[in-house]
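Commentary on secondary and tertiary structure
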Amino acid sequence: MKFAYRVSDRRLRRRVAAALPSLFPALLTALSRPLSLPSPPFLLSCRFLPRHPSQFSGLLGTVYRRGNLSFTRDGSALISPVGNRISVFDLKNNKCETYPLATRLNIVCVGLSPDGSLAILIDEEGAALLVSLIGKCVIHHFYFHKPVHSVSFSPDGKKFVITKDNVALMYHAPGKKREFNAFVLDKTYYGPYDETTCIDWTDDSKCFAVGSKDMSTWVFGAERWANLIYYSLGGHKDVIVACFFEENSLDLYTISQDAALCVWQCDTELDGLKPRPPKDADREKNAEKSDEEFLEEPKGEEIHGKANPSEQETRDKVKYSRVAKYFFNKEGDFNNLTSAAYHKKTHLLVTGFASGIFHLHELPDFNLIHSLSISDQRIASISINCTGDWIAFGCSGLGQLLVWEWQSESYVLKQQGHFNSMVSLAYSPDGQYIVTGGEDGKVKVWNTSSSFCFVTFTEHTSGVTAVTFTSNGYVILSASLDGTVRAFDLHRYRNFRTFTSPRPSQFSCLAVDSSGEIVSAGSQDSFEIFIWSMQSGRLLDVLSGHEGPISSLSFNPMKSVLASASWDKTVKLWDMLDSWRTKETLILNSDVLVVAFRPDGKELAVAALNGQITFWDHENAVQIGSIEGRHDLQMGRKELDKITAKQAAKGKSFTTLCYSADGQSILAGGLSKFVCIYNVKEQILMKKFEISCNFSLDAMEEYLDRRKMTEFGSMALIDEGGGGEDGVAIPLPGVKTGDMSYRHFKPEIRVTCLRFSPTGRSWAATTTEGLLIYSLDSGLIFDPFELDIDITPSNIHKTLHQKEYTMAIIMAFKLNEKKLIQEVIEAVPSNEVDVVCSSLPDLYVEKVLEFLASAFERSCHLEFYLIWAHKLLMLHGQKLKTRSVKLLPVIQFLQKSIQRHFEDVSKLCEWNIYNIKYALAISQQRGMKRLAEETPVDEDDLDSDSDYLMQEAHKDNLSS
């Protein structure tokens, strides 16, 4: 619990402090008193519902938005700001993780401590979070009151500097000791006349340089040095983009936006800086008193630099002289320089330009090493890892993130999200992959375990409206507004089928039957449904009957029935076995937006424009329930809305539905920041998930902000952000640079598609922020099942010691403590697994399988758990088959875990086989050389034999 208070009356503060100790004994007595509860019955059959059934697990589909990229201390991971969150890309293990913390607005600055344990995240308005990268949690909140341009820790980790407006503020870095205030202001540096842009420190943390938009660079001291006067360095004709100190030196490089580099030489070494004599004792006493009176925030020491110091002031002081000036755009084929990074040990300078080209130069001689175009958009951020091998580039225009190894000229990482918003998603049958379709016409396939996109299909020429997997999991189908439905092969990564209609139509929805042989797509302009054969690619039938655009299609998983929803207020059921005749027509009171079958195919859910979700028994065409979900959407108010959010929500509805894997719950989302999960049987709201707290998006505010309203209208009508990046600054009339069409806009928060994983362990949503994945919260403390009064950990250990393994497993599952279950199962000898599995009751077989699936993800006992899974499935397979619908999520979860280990182990085995064959080939080659030394042999024959052995080893590796 955190208290924040300010008491101005000293006497009142003393009274409160004196009264607090007397309250603690009474509080301790009350807490230590036992509670009087009724005695429990002999048998309890209880199951506590968790408060948070799912928690945020990861963010896919977006890899970079804006802000600076940063490598971790060891250089093997990259931290990228993604909206108001940060994602960490582990480049060695090929994994990505999004931390479960968020700022209020988009992150623009990230500062990492030298030890790699802390990070400072600053958003667009200057609100900062102090984050622990080890615990992945927020430690402290702070507000800088103005937008911050850059932040940088000192190399010794004791201070950090932020730049805002035309000042630089130096704070004491939060240490390992507990502090009342984590951010304590030390000094405020004045000097630049315009906004500050960049910071760089010397290696010993004695000085730092600050670049500014007034085309000057200022060198300040972290401490007051007697022979260092703070003055500006000119020589540029445009905004300073970056400034860098040389290694263990005060020599400085400054780079401006007009692609000019100035080299500054200092006449003093770092060791030549002389400390200033201490201040008088009175000032120190006053400082101590101000520290004791912690009521007001300390302002720190103010330091003012001089742009033009006199000769007397510069006598016997540190002096800078410009020794060289270089230009990047001699040929005139480059645009503005937008970002730069410098590696001090290797003297490597990397510069990025607005045209997407980057340069590698060796300093101080300015030798060009490499030049490459990686994008057609501006490079917004560059970072180099500690070894100088990997260079990270971020392009905010297209959302690209690239890591380039410049020595081998190859990509370590190349990821890009959807340029526009994502519209649709689908899980693969085993839950390992997710396919997404976006308005940019791209179809991307993501790995759920690594969070990386591994293939992108770009055959569509217009926005993708729907995507789905076939039942075998190796074929992806996508529908588009370009009038085609395309089938993609995940084995060869190619488009092997293209389905078209007799006349051009824009397809708005897509469905494939459970066998994967029948493909259907609905048109939004001709009001027809087209049916194709997957094998032949021929058009089988055209279903007509709707009087409005087709909004949704869904196949019954268990029967050959297709449900189609339309804006004509009807849902039609088409029987595939009866020549596609209309089996039933369900009449609703409003336009139908989405339709979904329950996994067992016995129930149909329909969402309409009036905000209702209705449930139907489609066999008898009878409505069996409804949910009034209009008020649960809780719409936000847009900046330009004339009505309140409560009034706007009356005209909103759910646009996407999805059943859970067991069919007991249903997910619903729409034009809102909330996703609702309902219990189908009870028809009540179980939980609302807030998918975003990012106020950089529109429709997030619940109430109108009166501070943004003037007598002429809303301030949102004024494009204040037009001066950033490529836009034209409004306060500068007559300016001729920049793109006049550039506009600053806020995308609206919405949920376009929801899907539950077949494993039942997670669900995903395509939103304005990207692809969000929520997984089950495994951190429940107490979740018993058929709890008995004698079920205690000590009794379980006693039973286990007596080698009654079956009883110990049953008791452990009744208590439902995961660590205890793992201890009991791993205590069973491998030769006893067969006997224990055969004696397990049917009720606990499902629970053991579910535990095995979750244990595979983190355990190293692969063979032992595989024996358990094999014996359970062999002994209880026939009984489990009768409950296949209910057990399907568990089996798919188990299959996903085993498949992931299979892929990892197979890669390791192939690599080991290759290494062994390579070592054998080398040893044989050396043996032949020894024979050649003993007996003279023709050298050409020897070379041909060794080449033959190496080629054979390479062929074996390729075949494996």
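The residue numbering used here restarts from 1 in each chain and proceeds along that chain's sequence as written. Only residues with pLDDT of 70 or above have their local features reported here, since the model is predicted, and side-chain atom pairs are shown and tallied only from 80 upward, although totals for entire chains, interfaces and linings are computed over all residues. In computing side-chain properties, one takes all heavy atoms of the structure into account and sets aside hydrogens as well as water.

Under an unreviewed UniProt entry, the protein has the name Small-subunit processome Utp12 domain-containing protein and belongs to Calidris pygmaea. UniProt positions are given in the numbering used here, feature names are shortened, and annotations may be inferred rather than shown by experiment. Here is the UniProt Subcellular location (unreviewed entry) comment for the protein, exactly as written: "Nucleus, Nucleolus". What the UniProt record of the protein gives under Sequence similarities (unreviewed entry) is the line "Belongs to the WD repeat PWP2 family."

**Observations regarding unusual backbone geometry**
Residue Pro364 is reached from Leu363 by a cis peptide bond, and omega for that bond is 5 degrees. Residue position: Pro364 is located in the loop between β25 (357–362) and β26 (367–373). Non-glycine residue Met215 carries a positive phi angle of around 70 degrees. Residue position: Met215 is located in the loop between β15 (207–212) and β16 (217–221). For every residue, the accessible area obtained with a 1.4 Å probe (protein chains only) is divided by the maximum for its type, and the residue is called buried under 20%, exposed over 50%, and partly exposed between those limits. Accessibility expressed as a relative area gives 33% for Met215, which makes it partly exposed. In this structure, Glu409 takes a positive phi of about 55 degrees despite not being glycine. Position of Glu409 relative to the elements: it lies in the loop between β29 (400–405) and β30 (410–416). Segments assigned H or I by DSSP are reported as helices when at least four residues long, segments assigned E as strands when at least two residues long, and all are numbered from the N terminus.

**Considering the nonpolar core**
One finds Ile809, Ile825, Trp868 and Leu872 to be the most contacted residues of the largest nonpolar core, which totals 39 residues. Taken together, the elements giving at least two residues each to this core come down to α6 (793–801), α7 (805–815), α8 (818–826), α9 (833–839), α10 (842–856), α11 (862–882) and α12 (884–934). Among the elements that line this core, the one with the most residues is α10, at 9 residues. Beyond its immediate chain neighbours, meaning those up to four positions away, Ile809 contacts Val824, Ile825, Val828, Val836, Leu840, Val848 and Trp868. Buried Ala, Val, Leu, Ile, Met, Phe, Trp, Tyr and Cys residues form a nonpolar core when they are joined through side-chain atoms within 4.5 Å. The contact criterion used is simple: two residues touch if any of their non-hydrogen atoms lie within 4.5 Å.

**Some thoughts on the sheet that holds strand β38 (residues 494–500)**
Pairing is antiparallel across the open sheet formed by 4 strands, whose spatial order is β35-β36-β37-β38. Bordering the open sheet on either side are β35 (464–469) and β38, each of which pairs with just one other strand. Each strand of the sheet is rotated relative to its neighbour by a mean of 20 degrees, with strand direction disregarded. Being paired, for any two strands, means DSSP has found at least two bridges between them. Sheet topology places strand β36 (residues 475–480) next to strand β37 (residues 484–489); 5 bridges connect them, and they run antiparallel. When the bridges of β37 are listed, Leu477 appears paired with Ala487. Here, axes are lines fitted to C-alpha atoms. For helices the fit covers the stretch in contact, and angles between N-to-C directions go from 0 to 180 degrees.

**Some words on the sheet that holds strand β39 (residues 507–512)**
What the 4 strands build is an open sheet, ordered β39-β40-β41-β42; its pairing is antiparallel. Single-partner strands in this sheet number two, and they are β39 and β42 (539–543). Within this sheet the neighbouring strands show an average axis-to-axis angle of 20 degrees, counted without direction. Note: strand β41 (residues 529–533) against β42, 4 bridges, orientation antiparallel. For Ile529, the partnering residue across the bridge sits in β42 and is Leu543.

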